[in-house]
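Okay, here's what each chain looks like letter by letter:
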Amino acid sequence: MQIQLNNVSFTYEKKKRKTTSFLAPPVLNQLHITIKSGEMLAIAGKSGSGKSTFLQLLKGFLAPTTGNVLLDDIDPNSSRKPELFDQVGYIFQYPEHQLFSTTVFDDIAFGLQSAKLPKEIKEQKVRKAMEVVQLDYEEFKDRSPFELSGGEKRRVAIAGVVVLEPKLLILDEPTAGLDLPSRTALFQLLHQMNEEQGLTIIWVSHQLDEIVNHASRLLALKNGIFIADGSPVTTLSDPELLESFGWEEPSALVVSRMLRQFGITSSNGKLSPEEAADAISLILNQQQILVK
Amino acid sequence: MKPSIWKWSTRTVVTIGIGAALYGATSWIGIPIAPDTQLRPAIALLAIFGALFGPVVGFIAGFIGHVINDFIQSGTVWWGWALGSGITAAFMGLIYLSKDFNPKDGVIKKKHLISFIIYGVVGIFVSLAFSGLFDIYAMGEPNNKIVIQVISAGLVNLAVFLILGVPAVWAYAKRNRNNANLTVER
Amino acid sequence: MGNNSFLLYRKQNTWLEQWDPRMKITVSLIFAASLLLNHNLLLKTAQIVLLIILWWIAKLSWRALVFTLLSLTIFFISTMIYQSILITNPGDSMIHLGFLTYSLQGAINGILMCEQIAGIVLLLSLLVRTTSPIILAEGLEMILKPFKKLRIPVHEAVMMFTIALRFLPILIEEIDKIRKAQMARGGGFHRKGISSRFRGIFPMLMPLFVLSILRAKELAVAMESRCYQGDEGRTPIRLYRLHPRDYSILAFSVFNLLLIFIV
Amino acid sequence: MIEIQNASFSYTEWEDEEDTQYTSRVLHQITSSIKPNEFVALLGRNGSGKSSLTRLLNGIELPSEGSVQVEGRFTHVSQSIPLIRRAVQIVFQNPENQQVGMTVGEDIAFGLSNIGYPQHQIQERIAWAIDLVGLDADEDRPVTHLSGGEQQKLALASVLALSPRYLILDEATSMLDPVARKQFVRTLHEARKRQPFALIYITHHLEEVLEADRWILFRNGHLYLDGSPDQFLTNEALLSECGLELPYYHALALSLQGKGIPVSTSLGIEELRELLCRFN
Ligand SMILES: Nc1ncnc2c1ncn2[C@@H]1O[C@H](COP(=O)(O)OP(=O)(O)OP(=O)(O)O)[C@@H](O)[C@H]1O
Ligand SMILES: Nc1ncnc2c1ncn2[C@@H]1O[C@H](COP(=O)(O)OP(=O)(O)OP(=O)(O)O)[C@@H](O)[C@H]1O
Ligand SMILES: [Mg+2]
Ligand SMILES: [Mg+2]
């Protein structure tokens, strides 16, 4: 699904007749942006810079103060078709905001209700969704989603949305609180859905290496506008941009660049530690000067 | 074990506070069924609160919830009706006092349901009679108008209590029975 | 809805807001008493005018005033009808208003009654619109302090009230959140039609209830783990001191009460 | 000193009949201790029992077997609970559950008021705490108008204001941006220098706890291993078993060492450059 934002601004203060309201700058300021179908888009920025607000605009939870949001060239807000937003899957910043049923099974299956599927298929789908978030079906299906650990809640929340097979998936800091295996599994799943179904994925993250590893495009939000928009590798090795956020360049990029400078590698992307080690040892071995 | 009805732990204080807020918040939801009469699901909450936490907690939560809701919606409090909300919840909470009733552990029997319904029905009409009399004496309201109001409000509340409140308590208890069975080892 | 806009109080730092909350509550009570005891048309009208002037001083919106009064119209009308039927002394001169017939005394009684209701409503509105709920609660607790000696749980009651006030907007938002969460899963049955709205209520009510109970549990834990143990050893968050201003307001309201008996 | 002796724990909501036992035991016979001023990291996979353990430390929950002692006081003695709570403060995983006040200022003041903080200093203390965590909001801001990260900052501020001797942070920085997180860790260390307190830090990211004195690894409710970070940093298999990822440079160093290239474990960019220069 393609998304287009035309001149979108947003402010939480309602317009009042009195003057005070326009003193505060808007949270989002005149955004112009197109997100193409099948992108893996990461969004980064300071706490409180408006990332969650931006995502809520895309899901229709909030309506822009000015400008419009187009989903596949239709503006659901002005054309009174809010059901278009139903194609968007949304995972909240706090999983508690997402859970409401009395058992994990019911919670995950909630979205399947309207489809009127036979019981076995429903169960199968739930089982599969729980599998991808690494929750054991038998152990968890009858437990209350509120009596789980933080990471387990997060996984239930993700499963409940993934099971719907949306056309656009929005995740607000999905990896906060997840351990490594579930993070890996989550991204494996996202990549798979992205490649096989052409699903558009948008997520917020504070982990720069995660962005470098998984995003095809990065939007960096500051003072209500996207001050950078492009491939994560180039964006995150741009000293000026890093400076303006106070970020440190991800180690993978630093090392890869150094290896490039030394002519050890020619790839202009990023290297995992193993790849870097391989390249280094290869070159050292080639030069036959490995001192023992 | 059920805690005593007079215990004022932090937990109780907070539960009453949030219960009151909940009653107030759901009072915002109303489905108009006839001019001047609304189906307010909030009354079902009083039932759940009374049944789960007893008459005292129910009374205070209902009373405070009503007061606050009145404050916010119009800036005025109709004390008679607020006390009435409390009384309704207190009556529904009488079920809490019967010894083997324990919805938190999933213990609820047919006879409980019957007495629960009786308490509820009595509660609804006692409280409305009270509110009506309160209005007549304290606010100098004309009484024939009040009588009509009391009867129609009573019927509506009764319907909500029977359609939403009773099944909700039943569902809550049933859900806990399932859970309890699952977690017990032998 | 959304936000806290439905909390009536908004910080404006007007003159009325600076009054000591204890005094404000006391004065309101005295004023309410004088409204109830007063049966002089002129005096009562003056009191209403005074309240409206205070409304203006507090920089409250006129729309809110009109709205508050409009919400009472049913009571005004029913009271006036009631008075017309009830009090008819033979021999009184009659006033005809449309289909209603009044004796002079009846009309005055009706107006007095309406003024009484309006006055009390305005008074309460003024109180809650010019005082932050927390300050109001603290004031109430200080006034009721003597009752603590009688082992009446004043602190607990005030705490409940405060929590209820704090959570009301949050729970209303929570309703919205549950709706959003169900929407996030493609459930769209909160949109059109009365019947579907009714069907939408049960799936909302249960989660809301369960969530609130959970909230209560978590909040109790959070409060206790931040060292809360009832009102033992608590210091009030704010310092309250009575200024000459507060005493003069008290004096005025007592004078107002006495005036009724003099006239 | 916090001493945990043989503590087991299960979430028992319904504990009436004596002969019922619950399978949901989440902690199994934990024995450990935390010394004053120590910096300890609790690590482990989701659901391994980290948060549950922290709830035992200030008496929110009591162990079903064994005991927990804080500065010589048992948590199951109800008279000592107030003193224990003064000493041990927790920032919970979900900051929303922690907010008591309606505005930022009231929330911070709540704890201060409970401990009988001198009235005339409360305002000052609130400002101090807001400043300490770098919260970009004045004290009249309603808590419901804060973003996810700002809520975490508020939770930290209201707990730091009470100057605890043991501070437990349960993934308290998971929603802060890298700068805020670094700044926060710096302020914590500053604060600890001025007025030492023990720090118990839960996270899923090892970079944040490289400076810790001790790492405690959890697995399925068992205290699995307890030792200095250096001990674990060379054992990638063990760490990944506990759901942890080595920081980039550590992983690189391990890989290089595996290939027989002599680099130190604390490999940094400078060392790498030197290595490459030497051979080029
Ligand atoms: N309901 C609200 N009412 C008023 N202001 C709000 C509301 N929600 C958020 N804000 C403010 O709007 C700004 C943007 O908030 P948003 O939640 O979008 O930030 P964010 O980028 O997601 O931050 P984080 O990474 O901390 O979650 C913040 O300054 C926040 O304080
Ligand atoms: N309130 C509760 N009632 C019942 N069981 C619970 C409750 N909270 C947690 N559990 C269970 O206890 C176990 C340990 O949970 P805990 O919260 O301590 O994990 P954790 O190590 O903090 O994990 P995470 O990294 O995901 O936060 C989990 O299996 C969880 O399902
Ligand atoms: Mg956010
Ligand atoms: Mg946890």
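Residues numbered from 1 in each chain as written. Chains lettered and ligands numbered in written order. Predicted model: local features only at pLDDT ≥ 70, side-chain atom pairs only at ≥ 80, totals over all residues. Heavy atoms only, no water.

Student: What is the right way to look at the site of ligand 2 in this model?
Tutor: Every one of the 20 residues lining ligand 2 counts as a neighbour, but Ser149, Gly151 and Glu152 of chain A together with Ser51 and Ser52 of chain D are closest to it. Neighbouring residues of ligand 2 are not confined to one chain but are distributed across chains A and D. In this structure, Gly151 of chain A approaches ligand 2 through a main-chain N or O atom, which is 2.7 Å from an oxygen atom. In isolation ligand 2 has 630 Å² of accessible area, and contact with the protein removes 88% of it. Among the secondary structure elements, those contributing two or more residues to the shell around ligand 2 are helix 5 (150-162) of chain A together with helix 1 (50-57) of chain D. (Near = heavy atom within 4 Å. Polar contact = N/O pair within 3.5 Å; in protein donor to acceptor, adjacent residues only side chain to side chain. Areas by Shrake-Rupley, 256 points an atom, 1.4 Å probe, with all protein chains shown as cover. Helix = DSSP H or I, 4+ residues; strand = E, 2+ residues; numbered from the N terminus.)

Student: Sorry if this is basic, but what is going on with the packing of aromatic side chains here?
Tutor: Working definition: an aromatic ring pair is given by the centre-to-centre distance plus the angle between the planes. With the rule as written, the count across this model stands at 18 aromatic pairs over all chains. An angle of 90° between the planes, with centres 6.0 Å apart, marks the rings of Tyr248 of chain D and Tyr249 of chain D as edge-to-face. Considered together, Tyr248 of chain D and Tyr249 of chain D belong to a single accessibility category, that of buried residues. Over the face of the ring belonging to Phe167 of chain C we find Arg166 of chain C, whose NZ or CZ atom lies 4.9 Å from the ring centre. (Phe/Tyr/Trp six-rings, centres within 6.5 Å; stacked < 30°, edge-to-face > 60°. Buried < 20%, exposed > 50% of the residue type's maximum accessible area, 1.4 Å probe, protein only. Lys NZ or Arg CZ within 6 Å of the ring centre and 35° of its normal.)

Student: Where do I start with the interface of chain A and chain D in this structure?
Tutor: When the parts come together, some accessible area is lost, and that loss is often what is quoted as the size of the interface. Taken residue by residue, the interface counts 54 residues in chain A and 46 residues in chain D. Across the interface of chain A and chain D, roughly 4300 Å² is buried in total on both sides, 59% from carbon and sulfur atoms. Among the residues of chain A in contact with chain D, Tyr94, Met258 and Phe262 of chain A are the three that bury the most area, contributing 14% of the side total. Where chain A touches chain D, the interface holds 4 salt bridges. Arg183 of chain A is the salt-bridge partner of Glu245 of chain D, the closest N and O atoms lying 3.9 Å from each other. For the pair chain A and chain D, the number of links is 18 residue pairs in polar contact (both at pLDDT 80 or more). Elements that contribute at least two residues to the side of chain A that touches chain D include exactly helix 5, helix 6 (180-197), helix 10 (251-261) and helix 11 (273-286) of chain A. Element by element, the count of residues in the side of chain A that touches chain D is highest for helix 11 of chain A, at 8 residues. (Contact = heavy atoms within 4.5 Å. Buried area = accessible area lost by both parts, 1.4 Å probe. Salt bridge = Lys/Arg side-chain N within 4 Å of Asp/Glu carboxyl O.)

Student: What exactly am I supposed to notice about the site of ligand 1 here?
Tutor: Lys51, Ser52 and Thr53 of chain A together with Arg141 and Gly149 of chain D are the nearest of the 21 residues found near ligand 1. Nearby residues around ligand 1 are contributed by chains A, C and D. Measuring from an oxygen atom of ligand 1, one finds a backbone N or O atom of Lys51 of chain A at 2.7 Å. The separation between an oxygen atom of ligand 1 and a polar side-chain atom of Glu150 of chain D is 2.8 Å. When ligand 1 is considered free in solution it has 640 Å² of accessible area, and contact with the protein chains removes 87% of it. Of all the secondary-structure elements, those providing two or more residues to the shell around ligand 1 are helix 1 (51-59) of chain A together with helix 5 (148-160) of chain D. Among the residues making up the shell around ligand 1, the classes are represented as 3 nonpolar, 13 polar and 5 charged. (Nonpolar A, V, L, I, M, F, W, Y, C, P; charged D, E, K, R; others polar.)

Student: Mind showing me how you'd approach the sheet that holds strand 3 (residues 39-44) of chain D here?
Tutor: Backbone-to-backbone hydrogen bonds pair the strands of a sheet. The strands run either parallel or antiparallel. All names here are of chain D. A sheet is described by the order of its strands in space; here 6 strands give the open sequence 6-7-8-3-9-10, paired in mixed fashion. With one partner strand each, in any of the chains shown, strand 6 (88-91) and strand 10 (222-227) form the two edges of the open sheet. Direction aside, the axes of adjacent strands within the sheet are offset by 20° on average. On top of the sheet, helix 1 reaches strand 3, strand 6, strand 7 (166-170), strand 8 (198-202) and strand 9 (214-219); it is set at about 140° to strand 3, its chief contact. (Pairing = 2+ DSSP bridges. Axes fitted to C-alpha atoms, helices over the stretch in contact; angles between N-to-C directions.)

Keep in mind these numbers describe shape, not what the thing actually does.
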